[in-house]
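Okay, here's what each chain looks like letter by letter:
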Amino acid sequence: MPKLRFPEFRDDGKWVATPLRQLCTPISEKVGKAKLTPVSITAGKGFVSQASKFGRDISGDQYRNYTYLRKGDFAYNKGNSTAFPQGYICQLTEFDEAAASSAFLCFQLHKEHQPRFVQALFDQNVHGRQLARFITSGARSNGLLNIRSDDFYGVKLPLPPGNAEQQKVAECLFALDALIAAETDKLAALRDHKKGLMQHLFPSEGETTPRLRFPEFLDAGDWTERPLGEIATYQNGKAYEPHIVEAGRYIVVNARFISTDGLVKKWSNNPLLIAAKDDILMVLSDLPNGKALAKCCRVDEDEKYAVNQRIARLTPHGIRSDFLLPVLNRHSYLLAFNDGMNQTHLSKDNVLTCPILLPSDEEEQIAIADCLTSLEYKITAQSDRLGELKVHKSGLLQKLFPSLAEAAT
């Protein structure tokens, strides 16, 4: 029995481990000539079109043999992942109809059972604990686990003795998911607001005045251009990845680059380059078409960072670092050095000659920095709230269902 139960069901007795085959009907209908969106499954997230996941439709000549799915149907993707090493199961909610690979095991849940209740069990990997014993080797050449249909449908799910309790648990999870979705939308709205605000508080490319100014600076005139080298000092990092302890926060490009621990380590008997509060760290090297080149972060806490050799430390002087950061982050001038073909590396000269537009009145710089910092605090607080809700849901799931160890027996 679960550790936490709604009052009206506390005397209803033990839950029963029930084979999946008793709860559903396998789907064998093929797509044939129907024109449907070919889909794939992303573990932990759900259904996505093949075009968005792989950049193209990969169904090819096999399309007509794909399984015809309708909204509400379930599918098991035998591909393993870090979170779901024995494969992931999810319900189709993103499309009214879709075409799923014939390698997926697809089924329709019987109407008396609650899809959100059953999905919660799959999200806790109750199936994986049981399927693990059938996996005798790694994935096949096509990347799929060798799971037989009979073994899959033999997976047992813990069910309460009455459908009413299923419904109650499902309603609880629905309400919590709705709250998480609303808070996620709020976080996205805050981030979009900041992005839009930044586009107006700083001059657009080719212009010297921003579109939006605080009232007291409406007549402050044009911003002036200065090279980054005049307003910040530059130093290259020294440590290689193996000399940095993997702990704390760090920027990831192709390996770990910045760590908040292991600062006493030495490399070639020289002390590591340390970045402290208000320093700006810039990624100098990235693979072609990478998303990290010229990406910057600001050290905004009292923690110190050991700086990797592919990272530059910039220490602003005469300018607020929280003003410089959004100006500098993935600056178009620096991104122009990426030819899209070879691994790109920004040199010291590339960085120091980067043109920076600054308001003539230092108070305008301060006002912009304070505005963006205040908004960033709201974004951080909202992100923390969302994280807490997700942790709360995870803890609730552990209590609303019997332990997974019991479920697998």
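Reading the values: the criteria
- Residues numbered from 1 in each chain as written.
- Predicted model: local features only at pLDDT ≥ 70, side-chain atom pairs only at ≥ 80, totals over all residues.
- Heavy atoms only, no water.
- Helix = DSSP H or I, 4+ residues; strand = E, 2+ residues; numbered from the N terminus.
- Buried < 20%, exposed > 50% of the residue type's maximum accessible area, 1.4 Å probe, protein only.
- Polar contact = N/O pair within 3.5 Å; in protein donor to acceptor, adjacent residues only side chain to side chain.
- Contact = heavy atoms within 4.5 Å.
- Core = buried A, V, L, I, M, F, W, Y, C linked by side-chain atoms within 4.5 Å.
- Pairing = 2+ DSSP bridges.
- Axes fitted to C-alpha atoms, helices over the stretch in contact; angles between N-to-C directions.
- Expected span 1.5 Å × (residues − 1).

Once that is clear, we can look at the side chain of Arg 213. Tracing the chain through its elements places Arg 213 in the loop between α5 (163-201) and β11 (224-227). The exposure class of Arg 213 is buried, given its relative accessible area of 13%. Only 3.4 Å separates the side chain of Arg 213 from the backbone oxygen of Phe 217, close enough to count as a polar contact. In terms of polar contacts, Arg 213 uses its side chain to reach the side chain of Glu 364, at 2.9 Å.

With that out of the way, let us pick up helix α6 (residues 321-328). Most of α6 is tucked away, with 7 of its 8 residues classed as buried. Every buried residue of α6 is accounted for by Ser 321, Asp 322, Phe 323, Leu 324, Leu 325, Val 327 and Leu 328. Summarising the contacts, the buried residues of α6 are in contact with β17 (280-283), β19 (296-298), β21 (311-316), β23 (355-358) and α9 (362-400). Where α6 terminates, the next one or two residues include Arg 330, which has phi positive at roughly 55°.

Looking now at the nonpolar core. The biggest cluster of nonpolar side chains holds 72 residues, and the ones touching the most others in it are Phe 152, Leu 228, Leu 328 and Phe 401. Apart from residues lying up to four places away in sequence, Leu 328 is in contact with Leu 228, Ile 280, Met 282, Ala 294, Cys 296, Leu 314, Cys 354 and Ile 356. In this structure, Phe 47, Phe 84, Ala 100 and Cys 106 belong to the second largest nonpolar core, which totals 14 residues.

Another aspect to go through is the sheet that holds β21. Strand order across the open sheet formed by 4 strands is β12-β21-β17-β19, with antiparallel pairing between neighbours. The strands lining the two open edges of the sheet, one partner per strand, are β12 (232-236) and β19. Across this sheet, the average inter-strand angle for adjacent strands is 25°, counted without regard to direction. Lying on the sheet, α6 is in contact with β17, β19 and β21; it crosses β19 at an angle near 165°.

With 39 residues, α5 extends 56 Å between its outermost C-alpha atoms, agreeing within 8% with the 57 Å of an ideal straight helix rising 1.5 Å per residue. Within the sequence span of α5, burial applies to Glu 165, Gln 166, Val 169, Ala 170, Leu 173, Leu 176, Ile 180, Glu 183, Leu 187, Leu 190, Leu 197 and Leu 201. For α5, the secondary structure elements touched by its buried residues are α2 (115-123), β10 (156-159) and α9.

Take the sheet that holds strand β5 (residues 67-70) next. Sheet strands pair via backbone hydrogen bonds, and the direction of the pair is either parallel or antiparallel. Taken in spatial order, the 4 strands of this open sheet run β4-β3-β8-β5, and their pairing is mixed. Both edges of this open sheet fall to β4 (46-49) and β5, since each of them pairs with a single strand only. Shown here is a sheet whose adjacent strand axes are inclined to one another by a mean of 50°, direction ignored. Looking at chain direction, β5 and strand β8 (residues 97-100) are connected through 4 bridges and run antiparallel. In the strand pairing of β8, Thr 67 is matched with Ala 100.

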